[in-house]
Amino acid sequence: MKLQITGGGTSAGTGLAFVAGFVDAAAFIALTGLFTAHVTGNFVLIGAELVASSTGVLAKLLALPVFMGAVAGARILALFLERRDADPLPWLLAAEAGLLAGFGLCGTLWSPLIAPDGAPALIVGMLAVAAMGVQNAIGRLSLGHLAPTTVMTVSVSQAVIDATDLALRISGNPGQTRARLLRVLPAIAAFAAGALFGAFGIAYLAFGCIALPIAILISLIVLATAPAGAKAAT
């Protein structure tokens with residue numbers, strides 16, 4: 001029997017946006033400017049690295065294929081579970097939590113990560129990239145009705161458009177526009193907050209700070225597997 005997060009999934013979307021912002025900021029600082037959630041941003045950084053220096057390029061080149069592999073793996077796992085009438089969401093969240101645990105543990109054991117393109121830094125970085133790949137897949141496979149949780153560019157643009165239309169009173173359907181705006185704002189705010197927490201966390205607690213996004217994912221797993229009645233009560 002499939003179990004789903006109820007209440008529109010707002011708590012899941014907000015929690016996942018916080019996780020993405022946290023991991024992206026923490027990994028960017030710890031791993032010489034590696035984007036883990038917004039992987040296409042690494043293309044820009046590759047060009048900058050090639051002009052300015054030659055460090056950290058390999059990790060950025062590997063990020064996209066690793067990200068794609070994680071998305072494909074999440075899709076295969078989801079199909080496997082759906083054929084057995086099981087909800088993929090808690091399992092995908094658990095896979096993401098496991099990858100983040102590996103990211104935090106390996107980062108702690110192998111710190112300081114001096115060589116950006118050395119094996120330890122590559123492994124640590126790709127674990128984070130894979131975790132964000134799984135989260136992107138979750139957004140498409142299980143929580144497609146929610147605003148994106150890993151990249152805020154589209155969400156911010158849509159929020160500005162909707163806010164402008166409401167302010168000018170030119171929206172054809174003000175109720176729908178307002179609902180869409182309220183749907184994306186929590187994710188944007190949570191991502192920004194996560195980025196701040198991730199930056200300060202990696203600066204002061206090193207890789208131990210990854211315990212916070214893991215705890216959020218565990219709470220979402222509990223919520224996703226709770227009986228419908230219990231979720232309604234909460």
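In this text, all values refer to a predicted model and were calculated from it rather than measured experimentally.

K.L.:
How should the pattern of salt bridges be read in this particular structure?
P.N.:
Note that side chains of opposite charge can pair when their charged atoms are close. The full count for this structure, using the stated rule, is one salt bridge. Ionic pairing is found between Arg180 and Asp162, a salt bridge with its closest N-O pair at 2.8 Å. Of this pair, Arg180 sits in helix 7 (residues 174-205) while Asp162 sits in helix 6 (residues 153-168); the two residues are 18 residues apart in sequence, bridging distant segments of the chain. Among the residues examined, Arg180 registers a relative accessible area of 27% and is labelled partly exposed.

K.L.:
Help me understand the packing of aromatic side chains, please; the structure alone is not making it clear to me.
P.N.:
Ring pairs (aromatic) are described by centroid distance and by the angle formed between their planes. All told, the structure shown has five aromatic pairs when counted by the stated rule. Seen from their ring centres, Phe103 and Phe207 are 5.4 Å apart, and the 80 degrees between their planes marks the pair as edge-to-face. Of this pair, Phe103 sits in helix 4 (residues 88-110) while Phe207 sits in the loop between helix 7 and helix 8 (211-225); the two residues are 104 residues apart in sequence, bridging distant segments of the chain. Here Phe103 and Phe207 have matching classes, each one buried.

K.L.:
Any chance you could explain the confidence of the model for the protein here in plain terms?
P.N.:
For any part of a model where pLDDT is low, the fine detail of the predicted coordinates should not be relied upon. Of all residues in the protein, 91% have pLDDT values of 70 or greater, and the mean over the chain is 88. Ranking the elements of the protein by mean pLDDT puts helix 9 (residues 228-233) last, at 48, and helix 4 first, at 97.

K.L.:
Sorry if this is basic, but what is going on with helix 1 (residues 10-30) here?
P.N.:
Every α-helix carries 3.6 residues per turn, so stepping three or four residues along brings you back to the same face. Relative to the 30 Å expected for 21 residues at 1.5 Å per residue, helix 1 spans 30 Å between its end C-alpha atoms, a close match to the ideal helical length. With respect to burial, helix 1 is a largely interior element, 15 of its 21 residues being buried. Immediately beyond the C-terminal end of helix 1, within one or two residues, lies Thr32, with a positive phi of roughly 55 degrees.

K.L.:
Explanation requested: the side chain of Asp24 in the structure shown.
P.N.:
Turning to its location among the elements, Asp24 is positioned in helix 1. Residue contacts for Asp24: discarding those within four places in its chain leaves Leu34, Phe35, Thr36, Ala37, His38 and Phe191.

K.L.:
Please clarify how unusual backbone geometry should be interpreted in this entry.
P.N.:
Phi is mostly negative for residues that are not glycine, and the peptide bonds are mostly trans. Note that the residue after Ser111, namely Pro112, is joined by a cis bond; omega there is 0 degrees. Note that Pro112 resides in the loop between helix 4 and helix 5 (119-141). Even without being glycine, Ala206 reaches a positive phi, approximately 55 degrees. In this fold, Ala206 is placed in the loop between helix 7 and helix 8. Classification of Ala206 by relative accessible area gives partly exposed; the value is 39%.

K.L.:
Looking at this structure, how should I read the nonpolar core?
P.N.:
Soluble globular proteins tend to pack their nonpolar side chains together in the buried interior. Ranked by internal contacts, the top residues of the largest apolar core, which has 61 residues, are Leu93, Leu100, Phe103, Ile138 and Ile210. No other element matches the 13 residues that helix 5 contributes to this core. Setting aside its immediate chain neighbours within four residues, Ile138 contacts Leu16, Leu89, Leu92, Leu93, Glu96 and Leu143.

K.L.:
How should I be thinking about the environment of Asn42 in this particular structure?
P.N.:
Relative to the elements of secondary structure, Asn42 occurs in helix 2 (residues 41-52). A relative accessible area of 0% places Asn42 in the buried class. What Asn42 contacts, discounting residues up to four positions off in sequence, is Gly33, Leu34, Phe35, Lys60 and Ala63.

Criteria and cut-off values
- Residues numbered from 1 in each chain as written.
- Predicted model: local features only at pLDDT ≥ 70, side-chain atom pairs only at ≥ 80, totals over all residues.
- Heavy atoms only, no water.
- Salt bridge = Lys/Arg side-chain N within 4 Å of Asp/Glu carboxyl O.
- Helix = DSSP H or I, 4+ residues; strand = E, 2+ residues; numbered from the N terminus.
- Buried < 20%, exposed > 50% of the residue type's maximum accessible area, 1.4 Å probe, protein only.
- Phe/Tyr/Trp six-rings, centres within 6.5 Å; stacked < 30°, edge-to-face > 60°.
- pLDDT = per-residue confidence, 0-100.
- Expected span 1.5 Å × (residues − 1).
- Contact = heavy atoms within 4.5 Å.
- Core = buried A, V, L, I, M, F, W, Y, C linked by side-chain atoms within 4.5 Å.

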